[in-house]
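Understanding the architecture of this molecule
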Amino acid sequence: MATGFLTDTTVCIGCKACEVACKQWNQLPADGYEFTGDSYDNTKQLSGSTWRHVAFIENPKKRRLTGDVDLVALAEDVTEQLPGGAELDALGRWAFMSDVCKHCVEAPCQQACPTGSIIRNEFDNVYIQPDICNGCGYCVPACPYGVITQVPEDGRAFKCTLCYDRQRDGLEPACAKACPTNSIMFGDVEDLKELAEQRVAELHNKGYTQAYVYGTPEVGGTGGIGGNHSKFILMDEPETYNLPKHPFLPQEKFRGGVIASAVAATVLGAVVAWAFKD
Amino acid sequence: MSEEAVSGQQRNGRPKTSHHPETDPERKDKNYYGIPPIKHAHWTWQIPIYFWIGGLGAGAHMFSTVAQLLGHEDEALQRASRYTVLVTMILSPILLIWDLGRPERFLNMMRVLKLRSPMSVQSWSLLVFGNLAGLLAARQAAKDGLLGRDNVLARLAVRLIPDRLLSVLALPVGLNVGSNTGNLLSATSVPMWARNWLFMGPVFLASGLSTALSWLSLVLNLTRSGEAKTLRVLHRAERATILVEAVLIVASLARMGRWSKPLFSREVVPLFVGGTLIGAILAPFALLTGRESRGKSIIASLLALVGGLMFRFAMIRGGRISADDPEAYFTFASGESAPQPEDAV
């Protein structure tokens, strides 16, 4: 059975309980007191010591308020014409998204790893064996999502294990357990896929036609990665959440590069042999 | 508050910088507060230096093997080449292990052989090439009397190590050490490198051969050894290799397109234009054409060697800038430009 996450960003309230639960359970060190000045999110990104990261996306609307504004309607994002010439487009949207390792079906980090430290475990999750990783760091630029990162103090690369230890004991991962709105769902990938499609259909019925599933082969899984085991329900373009629209498998081109190099080597060999001609 | 201030419109014709990128109508690129969506490689100075000396070793072995196969017996050339390859193959693993986060676990590289992982292919190529180069250098040392004269070991080394066979066997592996440094970069998510997957290996190989030819002619010039013909051939091959390298660099820039911008950034432009285009290509080529002289040859060799090193630093630093630029990555991974499986080859 392949397990994975479904992160429904539409119900995320940005409490960051998943970040805290992940840090506590996996005994990850603090990242220091950094102040970004960009938003209330001071974690910034996923890293070797942050395996869940809640992004705070502020989308303020551009027009100002006019007329007699009904603040309740405004907050609920009611779009119909209001009496008194009030224009509703002011508060904008404050979106949250709990980011995590995508556990790619064809994981670039796993293919890049020269030691065989990165494997697929019995739950079909991408897992780094910490006793084998020698910190070459080649998986880091291979990851199309910027998830896997080397920890300088430790030397090795780390990322979300999908709580391998908890799964072995029949528990759900710490982040999913801690999530108060069930924005983070854990389970069988096939079940989650169905659930995601249902939820997107439900959102479409409510008028949120921009909702879609990210992490399926159709969206955000082309270029050889073959989809993700961590899927997301998003409401905006992937770039808004710092995700690529079409991630690709970097190793896909390695064979082509080797063939091109062999051709170049032959040409250069011929050039050197020509130079010997009197 | 005026309408203008709220909407972040232009003031006096100039765009007003806004705290919130999303409210600034001048900005088209969507991203998350400019935080890089991918992580750059941590590689420090050891890696570009390894790329440089690895390419040099591969090129030196290639030249001496071609000379051997064509029946050009120049003992000074073979000696210079064998010892050069040995030293580069001793330094390469040291630099690479130095760069590991856990250097004491370097042997884990030999745990598996993964043909899909350029890093694994590189490790194994280094192991094979390094050992063959070691045997060839041992034979050379025995011949040169460095292992003592009239001793059994030295005589056995000369007799038992098949010089020509090992040279030919080591050739493809050595060439792979040289070109794979480029392929290793292109098999990542970094736009500038990944976009250029077609020419990355060839350009590193050509540059490596150019530095190797320069090094060999520098050694022969400084020690005043080697036949006159060897130097003539070296210069001729060097001129041709520089031309091939120049064509490959132009092709790389064309292929990289808009993602080649980091090479012309303030930080990298001295390395790329000054060091590579002028230092490793234009200047040595100009010095090597026309009337040949020892002084000109030495200066050309030094320039090409330093230029080759700068080229590696330019590519690695440029890749770091490319990885840190959300706009570059998102435009690259937006569909049409990203390498797709249906791409030819």
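Described in the following lines is the structure provided in the data block.

Cut-off values and rules
- Position numbers for residues count from 1 along each chain, tracking the sequence in the order it is written.
- Going through the entries in the order they are written, you letter the chains from A and number the ligands from 1.
- Note on the predicted model: pLDDT of at least 70 is required for a residue's local features to be given, and 80 or more for side-chain atom pairs to be given and counted; whole-chain, interface and lining totals, by contrast, use all residues.
- Side-chain numbers here rest on the full set of heavy atoms in the structure, without hydrogens or water.
- Any two residues whose heavy atoms approach within 4.5 Å at even a single point are treated as in contact.
- In this description, buried area is defined as the sum, over both parts, of the accessible area (probe of 1.4 Å) that is lost when the two are combined.
- Salt-bridge detection follows one rule: a side-chain nitrogen of Lys or Arg within 4 Å of a carboxyl oxygen of Asp or Glu.
- Counting of polar contacts relies on pairs of N or O atoms within 3.5 Å, with two restrictions inside protein: one atom must be capable of donating a hydrogen and the other of accepting it, and residues adjacent in sequence are counted only when both atoms are side-chain atoms.
- We call Asp, Glu, Lys and Arg charged. Ala, Val, Leu, Ile, Met, Phe, Trp, Tyr, Cys and Pro are nonpolar, and the rest, Gly among them, are polar.
- Only protein chains enter the calculation, and the probe is 1.4 Å; a residue is then buried if its accessible area is under 20% of its type maximum, exposed if over 50%, and partly exposed in between.
- Secondary structure elements follow DSSP: runs of H or I of four or more residues count as helices, runs of E of two or more count as strands, with numbering from the N terminus.
- Strand pairing follows a simple DSSP-based rule, namely that at least 2 bridges must link the two strands.
- Only centres within 6.5 Å qualify two rings of Phe, Tyr or Trp (six-membered ring in Trp) as a pair; their planes then separate them into stacked at under 30 degrees, edge-to-face at over 60, and tilted for everything else.
- Two distance rules govern patches: like charges are joined within 9 Å, and nonpolar side chains (Val, Leu, Ile, Met, Phe, Trp, Tyr) within 5 Å, applied only to residues with over 30% relative accessible area and no salt bridge.
- We get accessible surface area from the Shrake-Rupley algorithm with a probe of 1.4 Å; when it comes to residues, only the shown protein chains can shield them.
- Charge assignment: positive for Lys and Arg, negative for Asp and Glu; neither His nor the chain ends contribute.
- Charge coordinates come from a single atom per side chain, which is NZ of Lys, CZ of Arg, CG of Asp or CD of Glu.
- Take the buried residues of types Ala, Val, Leu, Ile, Met, Phe, Trp, Tyr and Cys, join any two whose side-chain atoms come within 4.5 Å, and each joined set is a nonpolar core.
- Domain ranges listed in this record stem from an automatic or a database domain assignment.

With respect to the interface of chain B and chain A
Taken residue by residue, the interface counts 81 residues in chain B and 82 residues in chain A. Looking at the side of chain B facing chain A, the largest losses of area belong to Tyr32, Lys39 and Arg116 of chain B, adding up to 12% of the total buried there. At the boundary of chain B with chain A, the tally comes to three salt bridges. Between lysine 30 of chain B and aspartate 236 of chain A there is a salt bridge, with the nearest N and O atoms lying 3.2 Å from each other. Our enumeration of links across chain B and chain A arrives at 32 residue pairs in polar contact (both at pLDDT 80 or more). For the side of chain B that touches chain A, the class distribution of residues is 45 nonpolar, 22 polar and 14 charged.

Describing the pairing of strand β10 (residues 230-234) of chain A
Residue and element names in this part refer to chain A. With respect to burial, β10 is a largely interior element, five of its five residues being buried. Across the two faces of β10 the burial is the same, with Ser230, Phe232 and Leu234 and Lys231 and Ile233 all buried. Two elements, strand β1 (residues 3-8) and β10, share four bridges in a ladder whose sense is parallel. Its bridge partner lying in β10, leucine 6 is registered against lysine 231. One ladder, built from three bridges, connects strand β9 (residues 212-214) with β10; its direction is antiparallel. Each bridged residue has a counterpart across the sheet, and for tyrosine 214 the counterpart in β10 is phenylalanine 232.

Concerning the pattern of salt bridges
According to the stated counting rule, one finds 22 salt bridges over all chains in the structure shown. For aspartate 163 of chain B, the salt bridge identified is with arginine 82 of chain B, shortest N-O distance 3.1 Å. One end of the pair, aspartate 163 of chain B, is in helix α6 (residues 163-186); the other, arginine 82 of chain B, is in helix α3 (residues 75-99), and 81 residues separate them in sequence. Each member of the pair, aspartate 163 of chain B as well as arginine 82 of chain B, is classed as buried. Linked through salt bridges whose partners overlap, the residues forming this network are Asp236, Glu237, Glu239 and Lys245 of chain A together with Lys30 of chain B.

With respect to the packing of aromatic side chains
Per the counting criterion, the structure on display carries 16 aromatic pairs over all chains. Taken together, a centroid distance of 6.2 Å and an interplanar angle of 65° make the contact between phenylalanine 5 of chain A and phenylalanine 186 of chain A edge-to-face. Residue phenylalanine 5 of chain A is located in strand β1, and its partner phenylalanine 186 of chain A is located in strand β8 (residues 184-188); the two are separated by 181 residues in the primary sequence. Phenylalanine 5 of chain A sits in the buried class, given a relative accessible area of 1%. For phenylalanine 186 of chain A, a relative accessible area of 23% corresponds to the partly exposed category. Ring centres 6.2 Å apart and planes at 20° place the aromatic pair tryptophan 43 of chain B and tryptophan 193 of chain B in the stacked group. Of this pair, tryptophan 43 of chain B sits in the loop between α1 (3-7) and α2 (46-69) while tryptophan 193 of chain B is found in helix α7 (residues 191-195), placing the two residues 150 residues apart along the sequence. Of the two residues examined, tryptophan 43 of chain B and tryptophan 193 of chain B, each falls in the buried class. Grouping aromatic residues by their ring pairs yields a cluster made of Tyr50, Phe51, Phe204 and Phe311 of chain B.

So, a negative patch on the surface
Residue and element names in this part refer to chain A. Together, Glu190, Asp191, Glu194 and Glu197 give the surface a local cluster of negative charge. By secondary structure assignment, the location of glutamate 197 is in helix α7 (residues 189-205). Using a relative accessible area of 46% as the deciding quantity, one classes glutamate 197 as partly exposed.

Describing the nonpolar core
One finds Trp43 and Phe63 of chain B to be the most contacted residues of the largest nonpolar core, which totals 89 residues. Counting residues domain by domain, this core receives three or more from each of domain 1 (3-247) and domain 2 (251-278) of chain A. Counting residues in each nonpolar core, the second largest holds 60 residues, with Leu28, Ile57, Cys133 and Tyr145 of chain A among its members.

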